[in-house]
Amino acid sequence: MAKPIVLIAEELSPATVEALGPDFDVITVDGTDRPALLSALADASAILIRSATNVDAEAIAAAKRLKVVARAGVGLDNVDIKAATAAGVMVVNAPTSNIISAAELTVGHILSLARHIPAAHANLAAGTWARSKYTGTELYEKTIGIIGLGRIGALITERVQAFGMNVVAFDPYVTSARAQQLGVTLLTLAELLAQSDFITIHMPKTPETTGMIGTDQLGLMKPTAYIVNVARGGLIDEDALFAALRSKRIAGAGLDVFVSEPPTASPLLGLDNVVLTPHLGASTDEAQEKAGVSVARSVRLALDGELVPDAVNVAGGAIDPNVRPGIQLMEKLGQVFAGLADSPVTTIDVEVRGEIVEHDVNVLKLAALKGVFSNIVSESVSYVNAPLLAEARGITVRLTTDAISEEYRNLLTIRGSLSSGDTISVSGTLTGTKQTQKIVEINGYDVEVPLAEHLIVMIYRDRPGIVALYGKEFGEANINIAGMQIARQSRGGQALSVLIVDSPVPEQLLDSVRTAIEADLLRAIDIVVE
C-alpha cells in the first residue's frame, strides 16, 4: 500500500520531519505558490504550515483526501476552521510551543524601555556618544502590573521577581489562592494602572478586550510608566497610545503586535519613546522546533486514528460516535458558564447523565474546560492544555457520571463554585433526529432554549412590565430579539430570562437595561463556533 502523503508547505525544522517518522511520504511545496499548493493538496492526507500558507475553503475543497491541517505555531488566522470542520478535516496547532519565548520577549521589551537600549544603540551607531541622554531606571523594587495571569503571565512573574520587582495583576478568572501561590497581589484594572511602573498585557482578543487600554486607561497611568503588548494587536487603542506617547503622558511603550501588520503607515513608527518589534513572540529556534515537533506528533496521531489532544475543532481519535455530538455542545456550555461567572472560579464539576455514560466520556470534561477558557485566556486553548490552565489557576475539576437521566435521554451539566461563595450551573442536551443543541437549565431555572451565537441572560424580581422595559431598550438600540424564554421558581420571586439576539450587545446598553429592570444578573454571552 502507498504511504499517506504529508505535505510540508513552509520551512520547518529538521526535527519536524524526524518526528513524522518513516511511515509517510513527505513532500514539500511552496505554500505561497497557489497553483502549486492546490495541485499538491489533491493527494495529501496532511499538510503542515506556518503563517504564510492560506488554507482556506478553496484549498480544503481541493484536498479530497485531507485529514488534518497542522499549524506549527499558535495562531490560526490563515486556516478556515469552519470549512475544515464541515469537511471533516482536523485542525491542530502547537498551543504551548512559544510561551517561554513570548515571556522572554516581554522581559526584553521591559529592559529595553527601562534602559533605552534600542535608542542608545542607534545613537551610538550614528557616531554620537550621549551617555547622559539615556539615563534609565532600575527594575529593582519597581511595580509591574500583569494584565492576564495565565501561563505566560506566570512565567513573566517568575522572571521579573528575580529582578526584585513587586508584581500585581488583574485577572478576573484567577483565584486569590493562585495569586498568593505566585506571590502576586490581585488588583482591579484601575488600581493596577495607577500603581504600576511597568504594565504588560496578556489577554485574548475578544470583543470585550479589543481596545481595553484606551484614552481613559492610559490617563490613569503614571507619567513615568511604560506599557508593553506582545500578546494580540488591538488590545491597546493605537490612536490613544500614540497621543499619550507624543504628549509624554506616559514614558514609553513596547509593542510586538499591531492592529494591522506590518504597521507601515502607523504614526507610532516616528516616535522615539516606543520600542517596536515585528511580531517576534514565537520567533526563536527553540519555539519553532517545539512547534514543528508538536504538530508532527499530532499528525501521526490523527492519521493513526487516535485521540489528538491539540485538535482545535474536533477531538479526533477513538471517541464513540454516541459521545462525539456532545463535544461541541459541552464546549458551548463551557462558554456560557464562563460568561455567567462574575468572580474567579474555584471548582468545576462536569456532570454527564444518561445512556451516554456507557461509553468513555472523559473527552466531555476536556471539552467543557476548553469552552470555559476559550474566551478568557491569551493562549490558544486545546484538549491538552485546558486541564493545565485549570490547574494553573488553582481550579479543582471533577467528572461525575450517572446512568439515570430523568427528563432527557442525556444531560450534560457544568456546575461550579466561585470565590465569592456563589455557585453557577448550566445544562444542555441534544434533541431530535437533527441533534439540536439546547440549554435546558441555568442556575437552577428550567429552560429550553436553542444554543445561539448571541445570548442574553437576566435574573430579576418577577413583576409586571419587565419584558416591556427591556424590550423597549433593545428595540431602540436596534437589537433584534430572535427568541426568548422566561422561567421562574415562584410567583413574584426571582425570574430568569434568556434572550436570543441577532447581534452583539454593547456594554453601555447592558448597563442601561440592568438599571431599568434592577437586574440581579445580566450577562451578554457571545458563543464562538469553530
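Structure's up top.
In this report, we go over the structure that sits alongside the text. What you are looking at is a predicted structure, and each value in this text was computed from that prediction instead of being measured.

### Some remarks on the overall build of the protein
(1) Moving on: Within the protein, the regular secondary structure consists of 17 helices and 22 strands.
(2) Moving on: Relative to its length of 530 residues, the protein is compact, with a C-alpha radius of gyration of 25 Å against a globular reference of 24 Å.
(3) Moving on: Expressed as a percentage of its 530 residues, the buried residues of the protein come to 53%.
(4) Moving on: When contacts within the protein are restricted to residue pairs at least 6 apart in sequence, those whose partners lie at least 24 apart make up 63%.

### Let's talk about unusual backbone geometry
(1) Moving on: The linkage connecting Glu-261 with the following residue, Pro-262, adopts the cis geometry, with an omega of -5 degrees.
(2) Moving on: Of note in the backbone geometry, His-279 takes a positive phi value of approximately 55 degrees without being a glycine.
(3) Moving on: With respect to the helices and strands, the residue His-279 is situated in the loop between β12 (274-276) and α12 (285-303).
(4) Moving on: The partly exposed category is assigned to His-279, whose relative accessible area is 40%.

### Some words on helix α5 (residues 99-115)
(1) Moving on: Over its 17 residues, α5 extends 25 Å from the first C-alpha to the last, a length consistent with the 24 Å expected when each residue adds 1.5 Å.
(2) Moving on: For α5, the tally of buried residues reaches 12 of 17 residues, placing the bulk of the element in the interior.
(3) Moving on: The first or second residue beyond α5 is His-116, which carries a positive phi of 55 degrees.

### Looking at the pairing of strand β1 (residues 5-8)
A regular strand places its side chains on the two faces of the sheet in alternate fashion.
(1) Moving on: Residue alternation in β1 divides its side chains into two sets, Ile-5 and Leu-7 and Val-6 and Ile-8, and both sets are buried.
(2) Moving on: Alignment of β1 against strand β3 (residues 44-49), held across four bridges, turns out to be parallel. Across the sheet, residue Ile-8 finds its bridge partner in β3, namely Leu-48.
(3) Moving on: Pairing of β1 with strand β2 (residues 25-28), which is carried by four bridges, proceeds in the parallel orientation.

### So, the side chain of Ser-343
(1) Moving on: Structurally, the position occupied by Ser-343 is in the loop between α13 (325-340) and β13 (345-354).
(2) Moving on: Contacts of Ser-343, omitting those with residues within four sequence positions, involve Pro-172, Leu-418, Ser-419 and Ser-420.

### Some details on the pattern of salt bridges
(1) Moving on: Summed over the entire model, instances satisfying the criterion amount to 17 salt bridges.
(2) Moving on: Here Asp-342 makes a salt bridge to Arg-523, at a shortest N to O gap of 3.6 Å. Taken together, the residues Asp-342 in the loop between α13 and β13 and Arg-523 in strand β22 (residues 521-526) connect sequence positions 181 residues apart.
(3) Moving on: Between Asp-462 and Arg-488 there is a salt bridge whose closest N-O contact spans 2.5 Å. One end of the pair, Asp-462, is in the loop between β19 (454-461) and α16 (466-476); the other, Arg-488, is in strand β20 (residues 481-488), and 26 residues separate them in sequence.

### Topic: a nonpolar patch on the surface
(1) Moving on: A surface patch of nonpolar side chains, about 230 Å² in accessible area, is lined by Val-467, Met-484 and Ile-486.
(2) Moving on: Relative to the helices and strands, Val-467 resides in helix α16.
(3) Moving on: When its relative accessible area of 36% is taken as the criterion, Val-467 is described as partly exposed.

### A few points about helix α14 (residues 362-373)
It helps to recall that an α-helix has 3.6 residues per turn; residues three or four apart then point in one direction.
(1) Moving on: With 12 residues, α14 should cover 16 Å at 1.5 Å per step; its first-to-last C-alpha distance of 17 Å lies within 8% of that length.
(2) Moving on: The element α14 is largely enclosed, with a buried count of 10 among its 12 residues.
(3) Moving on: Those residues of α14 not exposed but buried are Val-363, Leu-364, Leu-366, Ala-367, Ala-368, Leu-369, Lys-370, Gly-371, Val-372 and Phe-373.
(4) Moving on: Along its buried surface, α14 packs onto α13, β13, α15 (386-392), β14 (396-402) and β15 (410-418).

### As for the pairing of β15
(1) Moving on: Among the nine residues in β15, seven count as buried, and that is most of the element.
(2) Moving on: Across six bridges, the pairing between β15 and strand β16 (residues 423-431) is antiparallel. Paired with Ile-414 across the strands is Val-426, a residue of β16.
(3) Moving on: Connecting the antiparallel pair β15 and β16 is a turn made up of four residues, with Gly-421 showing a positive phi of about 100 degrees.

### Focus on the nonpolar core
(1) Moving on: Membership of the largest hydrophobic core comes to 52 residues, with the highest contact counts inside it found for Met-330, Leu-333, Val-336, Ile-348, Leu-364, Phe-373 and Ile-439.
(2) Moving on: With eight residues, the top contributor of residues to this core is α13.
(3) Moving on: Those residues in contact with Ile-348 that sit more than four places away from it in its chain are Phe-337, Leu-369, Val-372, Ile-395, Thr-396, Val-397, Arg-398, Ile-414, Arg-415 and Gly-416.

### Some points on the sheet that holds β20
(1) Moving on: One open sheet accounts for four strands, arranged β20-β21-β19-β22; its pairing is antiparallel. Of all the strands in the sheet, just β20 and β22 have a single pairing partner and so form its edges. Recorded for the sheet is a direction-independent mean angle of 15 degrees between the axes of neighbouring strands.
(2) Moving on: Its contacts with the sheet place α13 against β19 and β22, and it is angled at close to 145 degrees to β22.
(3) Moving on: Where helix α17 (residues 507-517) meets the sheet, its contacts fall on β19 and β22, and the angle it forms with β22 comes to roughly 150 degrees.

### Describing the side chain of Ser-497
(1) Moving on: Looking at the secondary structure, you find Ser-497 in strand β21 (residues 494-501).
(2) Moving on: In terms of polar contacts, Ser-497 uses its side chain to reach the side chain of Tyr-460, at 2.6 Å.
(3) Moving on: Setting aside chain neighbours within four positions, we find Ser-497 in contact with Ile-456, Val-457, Met-458, Tyr-460, Tyr-470, Gln-485 and Ile-486.

### Topic: the packing of α5 against helix α7 (residues 151-161)
When two helices pack together, their arrangement is given by the angle between the helix axes and the distance between those axes.
(1) Moving on: Between α5 and α7, the shortest axis-to-axis distance is 9 Å and the interhelical angle comes to 50 degrees. Looking at the two axes, α5 sits oblique to α7. For the crossing formed where α5 meets α7, the hand is right-handed. Here Ile-99, Ile-100, Ala-102, Ala-103, Glu-104, Thr-106 and Val-107 of α5 come into contact with α7, specifically with Arg-151, Ile-152, Leu-155, Ile-156, Arg-159 and Val-160.
(2) Moving on: In terms of residue class, the contact of α5 with α7 is built from nine nonpolar, one polar and three charged.

Procedures and definitions
- Residues numbered from 1 in each chain as written.
- Predicted model: local features only at pLDDT ≥ 70, side-chain atom pairs only at ≥ 80, totals over all residues.
- Heavy atoms only, no water.
- Helix = DSSP H or I, 4+ residues; strand = E, 2+ residues; numbered from the N terminus.
- Rg over C-alpha atoms; globule rule 2.2 N^0.38 Å.
- Buried < 20%, exposed > 50% of the residue type's maximum accessible area, 1.4 Å probe, protein only.
- Contact = heavy atoms within 4.5 Å.
- Expected span 1.5 Å × (residues − 1).
- Pairing = 2+ DSSP bridges.
- Salt bridge = Lys/Arg side-chain N within 4 Å of Asp/Glu carboxyl O.
- Patch = residues over 30% accessible without salt bridge, like charges linked within 9 Å, V, L, I, M, F, W, Y side chains within 5 Å.
- Areas by Shrake-Rupley, 256 points an atom, 1.4 Å probe, with all protein chains shown as cover.
- Core = buried A, V, L, I, M, F, W, Y, C linked by side-chain atoms within 4.5 Å.
- Axes fitted to C-alpha atoms, helices over the stretch in contact; angles between N-to-C directions.
- Polar contact = N/O pair within 3.5 Å; in protein donor to acceptor, adjacent residues only side chain to side chain.
- Parallel < 35°, antiparallel > 145°, perpendicular 65-115°, else oblique.
- Left-handed = near helix turned anticlockwise from the far one by under 90°.
- Nonpolar A, V, L, I, M, F, W, Y, C, P; charged D, E, K, R; others polar.

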